[in-house]
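Survey of secondary and tertiary structure
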Amino acid sequence: MSELLFFATTAALMVMMINSGLALGPARGRPVPWVAVGLTALAVGGVVIQLVWSGAMDALDNDPAKTGWWRVVTSVFMQNGGVAGAVWNIATLAGVAALAQWFWGGPLTVALFAGGIFLPERVDALLGMGGPSTDPRNFAGSSGATYFLGATLATALLMRTRLLKERLLAVGVPLLGLVMWFAQSNGHGLVAVYGFVTGFLAWVAWRAIATRRESA
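A quick note: this is a predicted structure, and the numbers were derived from the prediction, not measured. (Residues numbered from 1 in each chain as written. Predicted model: local features only at pLDDT ≥ 70, side-chain atom pairs only at ≥ 80, totals over all residues. Heavy atoms only, no water.)

We now examine the side chain of Thr-40. Its place among the elements puts Thr-40 in helix 2 (residues 34-52). Looking at Thr-40, the relative accessible area reads 16%, which means it is buried. Apart from the residues within four sequence positions on either side, Thr-40 is in contact with Ile-90, Leu-93 and Ala-94. (Helix = DSSP H or I, 4+ residues; strand = E, 2+ residues; numbered from the N terminus. Buried < 20%, exposed > 50% of the residue type's maximum accessible area, 1.4 Å probe, protein only. Contact = heavy atoms within 4.5 Å.)

Shown next, in the form of structure tokens:
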């Protein structure tokens, strides 16, 4: 039952983030989100490598017991949740990255996704949350970076909307994330909180640059 609740809350958090992105503007008529296409292609390519190379996970995952500077990046494009987990991770990556690119633009989407790769572990260390995870389930997978990126969409919605319903949706993302972390030790929730805060910083910088350009 606890495992089912874990998956249910994890899925609910993703649905809230996707709905936040959809509330920022319609997807129909938008240009092809090439950054999202590229990230999705990398994730699919990672799965293909796993299928044809039995040593892929050992060489490319982020096991803290192994050396290799590349692991923190390559592990994101490996999947270790079985067929269903891989399909979910790749599908949500494609959707979230597309929504992010349509709102933030390509370069900032890449930067925020990279933030989802590099920042959580460093923030954990800064806050004294412990060292690198020793749970093999956390050695690979794109979900962490995806949830981080998705949470920035909730931040953007909160900063843009005046509708109470949409504000509640946006605020619900970090609140559910905190509940998931404290009640379930669900890292997806904590990563979403980090992404929400980073999204606010990105919004402030983004608006400051836009204002400067308008006044130039």
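Tracing the sequence through the fold places Gly-172 in helix 8 (residues 164-184). With 139 residues separating them along the chain, Gly-172 and Pro-33 place their C-alpha atoms 27 Å apart.

This next bit is on helix 1 (residues 2-23). If you check helix 1, its first and last C-alpha atoms are 31 Å apart, about what 22 residues at 1.5 Å a residue would give, namely 32 Å. Those residues of helix 1 that sit buried are Thr-9, Thr-10, Leu-13, Met-14, Met-16, Met-17, Ser-20 and Gly-21. Each buried residue of helix 1 lies within a common arc of 150° when the element is viewed along its axis, so the set occupies one face. (Expected span 1.5 Å × (residues − 1). Arc of directions from axis to C-beta.)

A word on the pattern of salt bridges. Counted under the stated rule, the structure contains three salt bridges. Among the ionic pairs, Lys-66 bridges to Asp-58, the shortest N-O distance being 3.3 Å. Overall, Lys-66 belongs to the partly exposed group, its relative accessible area being 28%. Measuring nitrogen to oxygen at the nearest pair gives 3.7 Å for the salt bridge that ties Asp-61 to Lys-66. Several salt bridges converge on common partners, so that one network encompasses Asp-58, Asp-61, Lys-66 and Arg-71. (Salt bridge = Lys/Arg side-chain N within 4 Å of Asp/Glu carboxyl O.)

Another aspect to go through is empty space enclosed by the protein. One pass over the full model with this rule turns up one cavity of 30 Å³ or more. Estimated volume of the largest cavity: approximately 50 Å³. As for the largest cavity, its lining consists of Gly-21, Leu-24, Gly-25, Pro-26, Arg-30, Leu-99, Trp-102 and Phe-103. At three residues, the largest contribution of residues to the lining of the largest cavity is made by helix 5 (residues 82-104). Looking at the lining of the largest cavity residue by residue, the classes come out as five nonpolar, two polar and one charged. (1 Å grid on protein atoms, 1.4 Å probe; cavity = no way out; pocket = protein on both sides within 12 Å on 5 of 7 lines; lining within 4 Å. Points joined across faces, edges and corners; volume = space filled by probe spheres on them. Nonpolar A, V, L, I, M, F, W, Y, C, P; charged D, E, K, R; others polar.)

Under the definition given, this model contains eight aromatic pairs. Seen in terms of ring centroids, Trp-69 and Trp-70 are 6.0 Å apart; in terms of plane orientation they differ by 85°. Their pairing is edge-to-face. Note on Trp-104 and Trp-206: the rings are 5.5 Å apart at their centroids and 65° apart in plane angle, and the pair reads as edge-to-face. Taken together, the residues span a long stretch of sequence, with Trp-104 in helix 5 and Trp-206 in helix 9 (residues 187-215) at a distance of 102 residues. Take Trp-206: its relative accessible area is 29%, and that puts it in the partly exposed class. Among the aromatic side chains, those forming a connected cluster through ring pairs are Phe-103, Trp-104, Trp-203 and Trp-206. (Phe/Tyr/Trp six-rings, centres within 6.5 Å; stacked < 30°, edge-to-face > 60°.)

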